[in-house]
Each structure stands twice: as C-alpha cells, then as structure tokens.
Amino acid sequence: AQSVSQHNHHVILSEAASLELGCNYSYGGTVNLFWYVQYPGQHLQLLLKYFSGDPLVKGIKGFEAEFIKSKFSFNLRKPSVQWSDTAEYFCAVIPIYNQGGKLIFGQGTELSVKP
Amino acid sequence: EAQVTQNPRYLITVTGKKLTVTCSQNMNHEYMSWYRQDPGLGLRQIYYSMNVEVTDKGDVPEGYKVSRKEKRNFPLILESPSPNQTSLYFCASSLTTSGPYNEQFFGPGTRLTVL
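Reading the values: rules and limits
- Residues numbered from 1 in each chain as written.
- Chains lettered and ligands numbered in written order.
- Predicted model: local features only at pLDDT ≥ 70, side-chain atom pairs only at ≥ 80, totals over all residues.
- Heavy atoms only, no water.
- Core = buried A, V, L, I, M, F, W, Y, C linked by side-chain atoms within 4.5 Å.
- Buried < 20%, exposed > 50% of the residue type's maximum accessible area, 1.4 Å probe, protein only.
- Contact = heavy atoms within 4.5 Å.
- Phe/Tyr/Trp six-rings, centres within 6.5 Å; stacked < 30°, edge-to-face > 60°.
- Helix = DSSP H or I, 4+ residues; strand = E, 2+ residues; numbered from the N terminus.
- Disulfide = S-S within 2.5 Å.
- Patch = residues over 30% accessible without salt bridge, like charges linked within 9 Å, V, L, I, M, F, W, Y side chains within 5 Å.
- Areas by Shrake-Rupley, 256 points an atom, 1.4 Å probe, with all protein chains shown as cover.
- Salt bridge = Lys/Arg side-chain N within 4 Å of Asp/Glu carboxyl O.
- Buried area = accessible area lost by both parts, 1.4 Å probe.
- Polar contact = N/O pair within 3.5 Å; in protein donor to acceptor, adjacent residues only side chain to side chain.
- Nonpolar A, V, L, I, M, F, W, Y, C, P; charged D, E, K, R; others polar.

S.K.: Tell me what's going on with the nonpolar core, and back it up with residues and numbers.
M.R.: A:L33, A:W35, A:L47, A:L48, A:F74, A:L76 and A:Y89 are the most contacted members of the largest nonpolar core, which has 29 residues in total. Those residues in contact with A:L33 that sit more than four places away from it in its chain are A:Y25, A:L48, A:K49, A:Y50, A:F67, A:F74, A:A92 and A:V93. Counting 19 residues, the second largest nonpolar core, distinct from the first, contains B:V21, B:V60, B:L76 and B:C91.

Below you can see the structure in the form of structure tokens.
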C-alpha cells in the first residue's frame, strides 16, 4: 500500500538552529509532493509543493525541500528556525494516477522551538 | 477572500444522534474531500468528490455519508455517531486532481466529541 513515513515524531530545537525533517514515500510512479504546516489550533497551510522541474523547491517563511527521486524522499529544511515555527509539519503525496486525488499523509512531526 | 469554511467548529454530541458538518468553498473548485485527523495517524481520507453528484469512498468511510448537490458545498453526515468517531475533521478542496493545480486548501477543522 502507498504510504508516507516521517522519521521524527517530535523535534526540539533552539532558535537559530538548522532544521531538517525527513519524509519518505512508497510509490514507484510519478508523484506530487507537499509539505503542510499546522500551527497550534489552526488549519493546515501549504508550505511548499513539488510538481515537476527543479527538485529543490522553495516555499514560504524560508522553508525549502529537496526531492530525491532515487531515495523516494522529500526532506524539509530551514537554515535557522524561529520560535514562531513551532507547529506540526505534515509531508503528503499524491500519486499522479491516483483516481481519488487523495493526499496520503505522513504521521506528522511536531516541532518545538525554544526561545 | 478565498477560503474553505466548516461549521460547526466544535461539537459535543451523544451516541446515535444524527449530525451534519457543513463544508463550503468559494473558489469554484471541482474537487472536495473530507479527512479525519487522529493523534499518531496523521490525516486519513473519509470521502471525496470529483465534481457535482460524483462522490466516492476514501480510506475510512464506515459510519459516514456525503453528498455533493452543488459545486461549493460538501456536507459530511454521521447518521448514528459512535465514540470512535470522536476526532478532528477537515474539509479540503482543490481546483483539479491532476496537474499543477492540485494543491488542496483546508478548512479550519471541526472538533467532534461523541459521548
């Protein structure tokens, strides 16, 4: 079955530290890839997405992600985190030929940034 | 403002009492979907709709019904709620399910508690 795996359930960092959140998916075909962020008490917002082209994707708030097809990975990075980045982060995949348009989500990674 | 709205935002009910959670989008999106979010499980798709009068089951459809009589609305119906349906529910919509416009926009969520 298609699945998305996020390596860390909870990450704790100090402000200004660098961030990398791992995401791997299990689907051999073409995919669209997404990272969503959910701030406490809020709905999911799109951080960035990969559709095609340059595998290094830049998103909002200084986030970026790199699609490595050979590793089935789409890791999220930020050079220097801020306290306001405290949130839950979800990696998600849509297999291109998925008839249901279903976003397949990872379990989420909770990021806590200490001021 | 382009958005997905859900009502109610919070609901406490009792086992067996039928309820409806409304979802509406003002972006003329074709695709709409319902997800439930549970701790440690990420988001799982309940039902989706590719267009008016076209709906289909997602991964966890048991105990739920949906309808899509108008393009903008996609209500979620629990005919006889049970405690295992206590969860956080999100409605989402996207312009299409393929191509570069398949990113999904999420509503604010409905926190449902079934006693």
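Additional details are given in the paragraphs that follow.
S.K.: A description of the packing of aromatic side chains should follow, citing residues and the corresponding values.
M.R.: Per the counting criterion, the structure on display carries 14 aromatic pairs over all chains. Taking the centre distance of 5.6 Å and the plane angle of 75 degrees together, the rings of A:Y25 and A:F72 count as edge-to-face. A residue pair is termed long-range when its members are at least 10 positions apart, and A:Y25 in strand β4 (residues 23-26) and A:F72 in the loop between β8 (64-68) and β9 (73-78) qualify at 47 residues. Judged by its relative accessible area of 7%, A:Y25 falls in the buried class. Look at A:Y36 and B:F106: their rings are 5.2 Å apart centre to centre, the planes differ by 80 degrees, and that puts the pair in the edge-to-face class. With A:Y36 in strand β5 (residues 31-38) and B:F106 in strand β10 (residues 105-106), the pair connects residues from two separate chains. In this structure A:Y36 comes out as buried when scored by relative accessible area, which is 1%. For B:F106, a relative accessible area of 5% translates into the label buried.

S.K.: Which residues make up the state of the cysteines, and what values do they have?
M.R.: Residues and elements named next belong to chain A. Counted according to the given criterion, the structure contains two disulfides over all chains. Here C23 connects covalently by a disulfide to C91, the sulfurs 1.9 Å from one another. Handedness here is read from the sign of the S-S torsion; for C23 and C91, about -70 degrees, the answer is left-handed. Taken together, the residues span a long stretch of sequence, with C23 in strand β4 and C91 in strand β10 (residues 87-95) at a distance of 68 residues. Residues C23 and C91 agree in their burial class; the two are buried.

S.K.: Which residues make up a nonpolar patch on the surface, and what values do they have?
M.R.: Residues B:I12, B:V14 and B:L115 make up a contiguous nonpolar surface patch of about 320 Å² in total accessible area. Its place among the elements puts B:I12 in strand β2 (residues 10-13).

S.K.: I'd like a description of the interface of chain A and chain B, backed by residues and values.
M.R.: Each partner contributes to the interface: chain A provides 21 residues, whereas chain B provides 24 residues. A buried area of about 1,800 Å², summed over both sides, lies between chain A and chain B, and 54% of it is on carbon and sulfur atoms. Among the residues of chain A in contact with chain B, A:H43, A:K102 and A:F105 are the three that bury the most area, contributing 23% of the side total. Taken together, the links from chain A to chain B amount to one salt bridge. Across the salt bridge formed by B:E103 and A:K49, the nearest N and O atoms sit 3.2 Å from each other. At the junction of chain A and chain B, the tally comes to five residue pairs in polar contact (both at pLDDT 80 or more). Listing elements by their share of the side of chain A that touches chain B, those giving two or more residues are β5, β6 (44-50) and β10 of chain A. At four residues, β5(A) tops the list of elements feeding residues into the side of chain A that touches chain B. Across the side of chain A that touches chain B, the residue classes break down as nine nonpolar, nine polar and three charged.

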